[in-house]
Structures are given as C-alpha cells and as structure tokens.
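Here are the chains, one letter per residue:
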Amino acid sequence: MFSKRTFDFLQQLEKHNNRDWFKQHQTEYEADVRTPTLSFIRDMAAGIQALSPRLMAVPKKVGGSMMRPQRDTRFSADKRPYKTNIGIHFRHFQGKDVHAPGLYVHIAPDECFLGSGLWRPDPRALRSIRQCLDENPRGWNNAVAALNAAGFELAGDSLIRPPKGFDAGHPLLNDLKRKDFIAVLPLSRDQVLTDDFSTLCLTKFSAVGQLMAYLCFALNLDYCG
C-alpha cells in the first residue's frame, strides 16, 4: 500500500515541479504513487459499493477514481504542471466530474484528509441544495450532527452576504451561504501508512451517509445508502 516512498516522491515533486524531472522519475511515480493508489482503490471497491451502489470505485490509470496528476493551468497564474498530492474521488455514477457528490481521499506531505459531499456545485445544483435546506432543515441538522459525532467538520467557501431570496435572519443562514457542501476529517501520515488504511477509511466514511443521502435527495439523484 502507501509507504514512506510515496510521501518522499511527492516532496521531491514539490521541489522539482517540471515535466523534465517528472519524465526522468516516471518509474518511481509508477511504483510509489500510482501503483499503491490503484491497489488502494481496488481494496476500497467492495466497501464503497456497500456504502452505496451508486458510488464508483474504479482502479484505472485514466478516467477512474484516481485523479490525474496534471494540473489544469489554463486559467491559473500558477503554471506548475503537476499536483503534489494524491487525489482519489469515489463519485456518484450520475455525476460527470469532481463536482459530483462523492467521497474523497487526499494524501500529501503537508496534509492528509477524508472528504465527503459536493465541492463547488454549479448554480442550478446550488439553488436546489439551498431550497432543500430551507424546506427540510431537520434532515440537514441530523446529517451535520452525525458528521460532528464522527469528527468531520463542514468546510469550504461561503458568500459574505445572504444568497438571493433568503432572509438574513434565516436559522440556517450560515449553511445557505455555503458555496461548497463538503465535510472534512483530518488524517495523520501514520494513519495513511497503516496496513489497514482502507478499513479505516471505510469506517470513517460510514458516518457520512446522511450527508450524502441529503445532497443526493436535493439534487434528485439516487443514493440508497
């Protein structure tokens, strides 16, 4: 599974983030990053399907649950070509990309964490979630309580002012202002390096079912968790 060499490679990539260096060290990338990541996804597959048959765990080099190492630099001032983290996204099968509801594993030398929910929904999806919060606050509060009990915290960006159509005195104002509906649980490097890391992840992810079900309900997606 993941090893100290995984973190060593990512640290070196941080120092030498260019295509020539990456090409010269492609063998180490394959052995220490991509191969253990795909193995991890295979180990997670049955457990992810047990959490919800609507979630996908696909151990493919391209187009699967492992996010590509190349950064999208088209609209960024930061032109470094490679991500210096491992990103693993177990997304909903009806979603097209990272913006779909899903479960996420982030591994980097400076930060490791588990994530769940929906990052940066498009305007239509955002309106649907906000409407659901307004109409079904109890379900949302129950989901948040389950997250907090398991050590997850809601994270992401928020608006400064109330979104259009909602009063500043709304009891869920802080949640209505969210641009992201994601929950995060920090991990230590030692946890990532344990032999039963996949078991640990599945145990933690079992606590986010209410959040996932709520977001899928808001977006008229199946979940069946």
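Quick caveat, the model's predicted, so the values are computed rather than measured. (Residues numbered from 1 in each chain as written. Predicted model: local features only at pLDDT ≥ 70, side-chain atom pairs only at ≥ 80, totals over all residues. Heavy atoms only, no water.)

Caption draft 1: Looking closely at unusual backbone geometry. Here the phi dihedral of R120 falls at roughly 50°; this positive angle occurs in a residue that is not glycine. Not every positive phi belongs to a glycine, and N220 is a case in point at roughly 60°. Within the secondary structure, N220 is located in the segment after α9 (209–218). (Helix = DSSP H or I, 4+ residues; strand = E, 2+ residues; numbered from the N terminus.)

Caption draft 2: Fine view of the packing of aromatic side chains. All told, the structure shown has 11 aromatic pairs when counted by the stated rule. Between F9 and F22, the aromatic rings sit 6.2 Å apart at their centres with planes inclined by 75°, giving edge-to-face as the arrangement. With F9 in helix α1 (residues 4–15) and F22 in helix α2 (residues 19–24), the pair connects residues that are 13 residues apart, well separated along the chain. Chaining the aromatic ring pairs together yields one cluster made of F9, W21, F22, Y29 and Y82. The positively charged end of R189 is found above the aromatic ring belonging to F7, 4.3 Å away from the centroid. (Phe/Tyr/Trp six-rings, centres within 6.5 Å; stacked < 30°, edge-to-face > 60°. Lys NZ or Arg CZ within 6 Å of the ring centre and 35° of its normal.)

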